Amino acid sequence: MRKKIYAVLFCITFLTASFITVQGSDIPNPNIKQHFDLLYKQIIGPIPGEMKNDELPIRYEITPSFEVYYNEPEPVTLDDNIIALINQVDEELLLNYLENLTAFGPRVTGTSACEEAGEYIYNEFVNLGLEVRYQEWENGGFSGKNIEATMHGVDNSSNEIYIICAHYDSVSTSPGADDDGSGVAAVMASAKLMSTFLTYHTVRFVTFSGEEQGLYGSLHYVEEALENNDNIVAVLNADMIGFAETPEDASYVKIFEDEESEWLTNYTEDISQQYNDFIGIEVIPSGYSWGSDHYYFWQAGYNAIFYFEYNYNDYYHTSGDTIEHMDLNYAAKNSKLILATLAEISELTTQQSPNKPVKPNGEINGKYGEEYKYTTITTDPQNDEIFYFFDWGDGTDSGWVGPFDSGVTVEASHKWTEKGSYSIIVKAKDTEGHESEWSEPLSVSMPKTKIINYFSIRFNRLFTLLDKLISIL
Ligand SMILES: [Zn+2]
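What comes next concerns the included structure.

Scoring rules and cut-offs
Residues numbered from 1 in each chain as written. Predicted model: local features only at pLDDT ≥ 70, side-chain atom pairs only at ≥ 80, totals over all residues. Heavy atoms only, no water. Core = buried A, V, L, I, M, F, W, Y, C linked by side-chain atoms within 4.5 Å. Buried < 20%, exposed > 50% of the residue type's maximum accessible area, 1.4 Å probe, protein only. Helix = DSSP H or I, 4+ residues; strand = E, 2+ residues; numbered from the N terminus. Contact = heavy atoms within 4.5 Å. Axes fitted to C-alpha atoms, helices over the stretch in contact; angles between N-to-C directions. Parallel < 35°, antiparallel > 145°, perpendicular 65-115°, else oblique. Left-handed = near helix turned anticlockwise from the far one by under 90°. Nonpolar A, V, L, I, M, F, W, Y, C, P; charged D, E, K, R; others polar. Phe/Tyr/Trp six-rings, centres within 6.5 Å; stacked < 30°, edge-to-face > 60°. Lys NZ or Arg CZ within 6 Å of the ring centre and 35° of its normal.

## What to know about the nonpolar core
- Judged by nonpolar contacts, the single largest core of 74 residues is most densely connected at Ile121, Phe125, Met194 and Phe205.
- Considering each element in turn, this core owes the most residues, 11 residues, to helix H11 (residues 328–345).
- Excluding residues within four positions of it along the chain, Ile121 makes contact with Leu101, Ile147, Tyr168, Val184, Met188 and Thr207.
- Cys165, Phe208, Leu219 and Tyr288 belong to the second largest nonpolar core, which has 23 residues in total.

Spelled out as structure tokens, the structure:
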């Protein structure tokens, strides 16, 4: 049924667009396309933000300066860590953020309420131990701050960046609970829960201001990202994800995409299906919409999707956009979907380094000047190849030897040049440079001469024999 409606709407839109094309022959082609997109969206759904048609952000042209590079994500499979992660998202967690955010009053960009809300978000990120910064912007007579918290990926060889974002400003007439307290709560909950894990790739939790004036905060963010050649692979933008009219409606979420970002919609759809028992949301791919902070990422050639509630919210930009009019259970379900998508695509993990190698094994009563072999073994959680480093206890070491396959016994040899007792320890690192802890030490004794050595070995054997005898008697 939905498809039929869309088909009809598409026809209406197409006819309207054709009409414009025919009538407005003085309009250059690119504008017609933009006009077409805009009409299309106005018919099938509301557009967040209070930008007027003649204030379209299209007036800022961004030219991508480089190609984003990324490895195709693995097919989505159920992951116990991610289940544990999203099971912690609940109404209570979101309510806490929403109450704090709405307590500042309308968070209009440039006002002290908006400033204080920004400080609140900043401090929450800092308390999680994340790397946090303000990014200041100025545009169209407005100025404001974006807040960015970064979780660096454990894979040093990856420059892939994944972003979850929302806008923390609101319009003057509204407490901005759903628009976009709901999205900010999803970002803050994701930061809180993900910061107890690790990810392979870098994740950024970003909240923008200036959205309601014309996507100013995100425009500045994207410009700087391009200047820095940031390899942003995916942007998950949450703007109004907490309103539903009926429990039935609360089981759908709309996703807006551009053509290049379609793979991301498919990806989050796979997540919703695989994790259906833990989320309970069905994705409704809804085509193109420029009306939120993902827009300039698209302009810049980055891939982004826009999560948006299924129903039109009648309280949108009114004093009625309060927590009371939200469906917090729906907000929690959408937050879980976005968080699971982010965690899976950035490759959530609990540990990156190889396990602690076993205590070295080899001769413990040798003599100096002779070479002895010692073995150890460990595994890497990701099955990466492993290098080993033996510290011989005499100020020398083996250097990094390897790499060897995970779970294979390895051997290194050493010759002590002076009499003494030494303790050998060994550590491991994977091919990405993540180091393990040091092993338990193996104590070895290297007596002075062959004769002393001879006797020390004999005595040792004698003592062992005596021990056995005593235990038998
Ligand atoms: Zn919004």
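## A closer look at the packing of helix H6 (residues 177–194) against H11
- Between H6 and H11, whose axes approach to 10 Å, the crossing angle comes to 45°. One way to sum up the angle between H6 and H11 is to call them oblique. Considering only the axes of H6 and H11, their crossing is right-handed. When H6 is examined against H11, the residues Ala186, Ser190, Leu193 and Met194 are found in contact with a partner set consisting of Ser335, Leu339, Leu342 and Ala343.
- Its residues assigned to classes, the contact of H6 with H11 comprises 6 nonpolar, 2 polar and no charged.

## Describing the packing of aromatic side chains
- If you walk through the whole model with that rule in mind, you get 25 aromatic pairs.
- With 6.5 Å between their ring centres and 75° between their planes, Tyr312 and Tyr316 make a pair best called edge-to-face.
- On the basis of relative accessibility, which here comes to 41%, the residue Tyr312 falls in the partly exposed class.
- Here a set of aromatic residues connected by ring pairs shows up, and it is made of Tyr374, Phe390, Trp392, Trp416 and Tyr422.
- Above the face of the Phe389 ring, Lys427 is positioned so that its terminal group lies 5.2 Å from the ring centre.
- Here Lys429 stacks its cationic end above the ring of Phe387, 5.7 Å away from the centre of that ring.

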